[in-house]
Every structure is written in C-alpha cells, then in structure tokens.
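A structural walkthrough
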Amino acid sequence: MKKLFGGINLTWKKVVVFSIFAGIYTAIMAILPITDHTSFADITVSFEVWILLGILIIMNSKSAKDSALKCFVFFLISQPLIYLLQVPFSWQGWGLFKFYRYWFGWTIACVPMGFIGYYMKKDKWWSALILIPMLFFLGNHYRLYLGEVLFDFPHHLLSTLFCAITMILYPIFIFNDKKPKMIALIVSILIIVFMSGFTLLNRTIYNTIVLVSDEETIVFDDSFKVYLDNDKFGSVKIVYDDNLEDYRVDAEFKKAGKTKIVLEDTEGNKTIYDIDIKRDSFDLKKVK
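Below or above, wherever it landed, is the structure these notes cover. Worth saying up front: this structure is predicted, and the values here are computed from it rather than measured.

**Focus on the sheet that holds strand β2 (residues 225-228)**
Strands sit in the order β2-β5-β6-β7 across an open sheet of four strands; the sheet is antiparallel. Edge positions in the open sheet fall to β2 and β7 (282-286), since each of these has one partner strand only. Going from strand to strand, the sheet's axes swing by 20° on average, the running direction of each strand aside. In terms of strand pairing, strand β5 (residues 257-264) meets strand β6 (residues 270-277) through eight bridges, oriented antiparallel. For Ile261, the partnering residue across the bridge sits in β6 and is Tyr273.

**Concerning helix α7 (residues 157-174)**
Here α7 is 18 residues long and its end C-alpha atoms lie 25 Å apart, about the 26 Å a rise of 1.5 Å per residue gives. In this structure, the buried side of α7 is in contact with α2 (39-42), α3 (48-59), α6 (127-151) and α8 (178-201).

**Digging into the pattern of salt bridges**
Side chains carrying opposite charge are able to pair once their charged atoms draw close together. The final tally for this structure, using the stated rule, is seven salt bridges. We note a salt bridge from Asp66 to Lys70, for which the minimum N-O separation is 3.1 Å. With Asp66 and Lys70 both in helix α4 (residues 64-86) and four residues apart, this pair spans about one turn of that helix. Neither residue differs from the other here; Asp66 and Lys70 are each classed as buried. One salt bridge connects Lys278 with Asp276, and the closest N-O pair in it is separated by 3.5 Å. Given the relative accessible area of 30%, Lys278 is considered partly exposed.

About the thresholds
- Residues numbered from 1 in each chain as written.
- Predicted model: local features only at pLDDT ≥ 70, side-chain atom pairs only at ≥ 80, totals over all residues.
- Heavy atoms only, no water.
- Pairing = 2+ DSSP bridges.
- Helix = DSSP H or I, 4+ residues; strand = E, 2+ residues; numbered from the N terminus.
- Axes fitted to C-alpha atoms, helices over the stretch in contact; angles between N-to-C directions.
- Expected span 1.5 Å × (residues − 1).
- Contact = heavy atoms within 4.5 Å.
- Salt bridge = Lys/Arg side-chain N within 4 Å of Asp/Glu carboxyl O.
- Buried < 20%, exposed > 50% of the residue type's maximum accessible area, 1.4 Å probe, protein only.

Now the structure itself:
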C-alpha cells in the first residue's frame, strides 16, 4: 500500500493510459442501468474516487510543477472521455456535454491543487494543513452517503465506507513523520465522529405529495384521517392546496420500503393504498 503513495515511477505514458482507463470505467458505470442509485455509479457524479486518484498522482510526481501538470492532464483526458462515451447511449446525445462545464472548472483547479498538494511530501507538521481541507471535503461526502444508507440500506454503503476508510488511510500513508500523521489522523477521526452524529440526528427526508383529492379517483378533506400502516417510514398529513383549491396528502418519508397508506372517513370507512417508497420516487396502488 505504501508503494502506491510514492513508490511508482509515474511516467507521462502511465498518466495518459491511467486517465483513459478511468474515463472508460466511469462511463460504463454511468451507462449500465443496474448501477443506478448504487455506490458503483457514485464515481460519475461525486469526488471521493477522483480525490484518491489525484492524491496518487501527486504523491508519485517528481516536483510541484510535475504534479500540477500531471493532475491537469489526467482530468483533461478522463472527464470529457466520460461524456463522449455516453453520447450514443443517452437521450441527450451531445447535449450531455453541458454538464462538462462544471467538471472543466475542477480540471483547471487541478493545477494549483496539484502544485500545492505536492508539498505534503515535505513531511512537515504544516504538510497536514494541506491535506485537512480535503479531509473536510471528504467528510461532507461521508455525511451525505451515510444519510442515503440510513434512508435506503444498503444503497451507497460502499461509498460511505470508502470515504471513511480513505480519510483514515491518507494520513497514515501520505506522511512518515509522526507530527503531520497524528494531526491529520486526529482531524479525520473527529470529522467522522461529528458527521456520524450529525447525520443520525438529522436523518435524510423525502418530502412529496402522494395523493390529491379528485372526483375521478378519490375525494377527501380535512375531516378524514390519514396514516401509514407502519410509522417507521415517516408520516403523512392532509393539507389544503390554495393553487388546486382542494385537499392533498403530503408525506415526509424517512425510510425506503413498502407499507400502506390508509385514508379513513368520519364513519370509519377506509381506502387503502400500497406504497413502495424509493429515494426520490414512489409507486402507489389502490388495494381497497
């Protein structure tokens, strides 16, 4: 493992091949439907894996200038390649490249980041200060992924573990001197603990409208009761919509899964729906 963080003879040929491989792999993860809403597709929209690849380039570069240029070229090749390979498989076609503008900004940022990042190799106490902003950035990714895991286990579990593990491994393998290693390691642990507690206290919520009063389907008002068969999935309530000038059922879901929504009138008559809750959508079917 230590060899990865400074023991590779990183030639320009290897950088180019590495960037092409990373671009092809990421495009495949974006194209395959089976990877939707999984950790395997996270590389297509998030930073944690790209941070690792960037750090490996930095740690195996020969100078600050070499580091900056190799980071820049790696991302300059890999990022547009990801979109190019998706074009034939996407309904957006060449329109996909509108998303590349965001990543091109980060590609430009690789020049100063690669240059400054190289000085982590100096192994001084202040070298830890260069890594710490990246640890906070990763910590925020960890928080978001942990929230997704708690909402819809085991989706994004691998990404959650990846963020936590790399936050611990970076201080251990980047630094040899005890001072920067301990400073960065303590910061990583504190970030993980804080983000874990914060996420547990502030669970991911999916707010949506599940039913609207409609003469063709179902009519209800605020005299009705509405509830979920299992309240571990969240809560529902009837509210009046001024725009619709009618009533609707709002939901605050805290967990993915299958349960039932029950509408009950003043006489105890019940209308029951099966609902399959997903991260940002749901399937609803009337059963009674």
